[in-house]
Amino acid sequence: MQTQPSTLSRRDAVKAAAWALAAAAVAPKLAFADEKTVAAEIKKLYGDKPMASGKIKLDVPEIAENGLVVPINIEIESPMTDADYVKAVHVFAEGNPQPGVVSYQFTPACGKASAATRMRLAQTQDIICVAEMSNGALHTAKANIKVTIGGCGG
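In this report, we go over the structure that sits alongside the text. Computed from a prediction, not measured in an experiment: that's the story for all the values here. (Residues numbered from 1 in each chain as written. Predicted model: local features only at pLDDT ≥ 70, side-chain atom pairs only at ≥ 80, totals over all residues. Heavy atoms only, no water.)

Another aspect to go through is unusual backbone geometry. Of note in the backbone geometry, Lys55 takes a positive phi value of approximately 70° without being a glycine. Tracing the backbone shows Lys55 in the loop between strand 1 (51–53) and strand 2 (56–59). Assessed through its relative accessible area of 35%, Lys55 is described here as partly exposed. With a phi close to 55°, Met80 is a non-glycine residue in the positive phi region. On the secondary structure map, Met80 appears in the loop between strand 4 (70–76) and strand 5 (86–93). On the basis of relative accessibility, which here comes to 6%, the residue Met80 falls in the buried class. (Helix = DSSP H or I, 4+ residues; strand = E, 2+ residues; numbered from the N terminus. Buried < 20%, exposed > 50% of the residue type's maximum accessible area, 1.4 Å probe, protein only.)

What follows is the structure, encoded as structure tokens:
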């Protein structure tokens, strides 16, 4: 049995390419995390455990002139002893393609619960930091960063 090759007209090919470009342009915008996505990620980690504010010093710029390199400094108030220390810190971004930005693990041997990094922000958004203490207590801090240019979404 012989099959006939399908022919695609030039007009049909141009239409298909236009649809593909439109889908590629729209898809990244639809894929950004939002407040609900971040809340779901935090719930996945900690369930419905209560979170207290305080203990976390989240040092981020109010305005990031370049969303490609936004500095973030985190410091958690803790004695860092065997009985009382910061176990983990997670940073989430509400407007990035992936809600989880970075996670840190600490032990009493660290001496101080602090970390610094740079992150890429797609747009103006809230950054949420959650610190888990050795006794199971959770602390949170939130900051809004206005991105003026750049970012991973333009």
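Once that is clear, we can look at the packing of aromatic side chains. Under the definition given, this model contains 1 aromatic pair. Measuring from centroid to centroid gives 6.4 Å for Tyr104 and Phe106, while their planes differ by 35°, and the two rings are tilted. Here Tyr104 matches Phe106 in class, with each residue buried. (Phe/Tyr/Trp six-rings, centres within 6.5 Å; stacked < 30°, edge-to-face > 60°.)

For helix 2 (residues 35–46), built from 12 residues, the straight-helix expectation of 16 Å at 1.5 Å per residue is met to within 8% by its first-to-last C-alpha distance of 16 Å. All buried positions along helix 2 are accounted for by Val38, Ile42 and Tyr46. The arc that holds the buried residues of helix 2, viewed along the axis, is 55°, so those residues lie on one side. Exposed side of helix 2, more than 90 degrees from the buried face: Lys36 and Lys44 are the residues found there. (Expected span 1.5 Å × (residues − 1). Arc of directions from axis to C-beta.)

What follows is about the nonpolar core. When a protein is soluble and globular, its nonpolar side chains tend to lie buried together. Membership of the largest hydrophobic core comes to 28 residues, with the highest contact counts inside it found for Ile74, Ile76 and Val89. Elements with a minimum of two residues in this core: strand 2, strand 4, strand 5, strand 7 (113–119), strand 8 (125–133) and strand 9 (138–147). Counting 7 residues, the second-largest nonpolar core is a separate cluster that includes Val38, Ile42, Phe92 and Ile128. (Core = buried A, V, L, I, M, F, W, Y, C linked by side-chain atoms within 4.5 Å.)

Spatial strand order, 2-4-7: 3 strands in an open sheet with antiparallel pairing. Looking at strand neighbours, the two that pair on one side only are strand 2 and strand 7, the edges of this open sheet. Across the sheet, the mean angle from the axis of one strand to that of its neighbour is 15°, orientation sign disregarded. Here strand 4 runs beside strand 7; their pairing, made up of 7 bridges, is antiparallel. By the bridge assignment, Val70 is partnered in strand 7 with Met119. (Pairing = 2+ DSSP bridges. Axes fitted to C-alpha atoms, helices over the stretch in contact; angles between N-to-C directions.)

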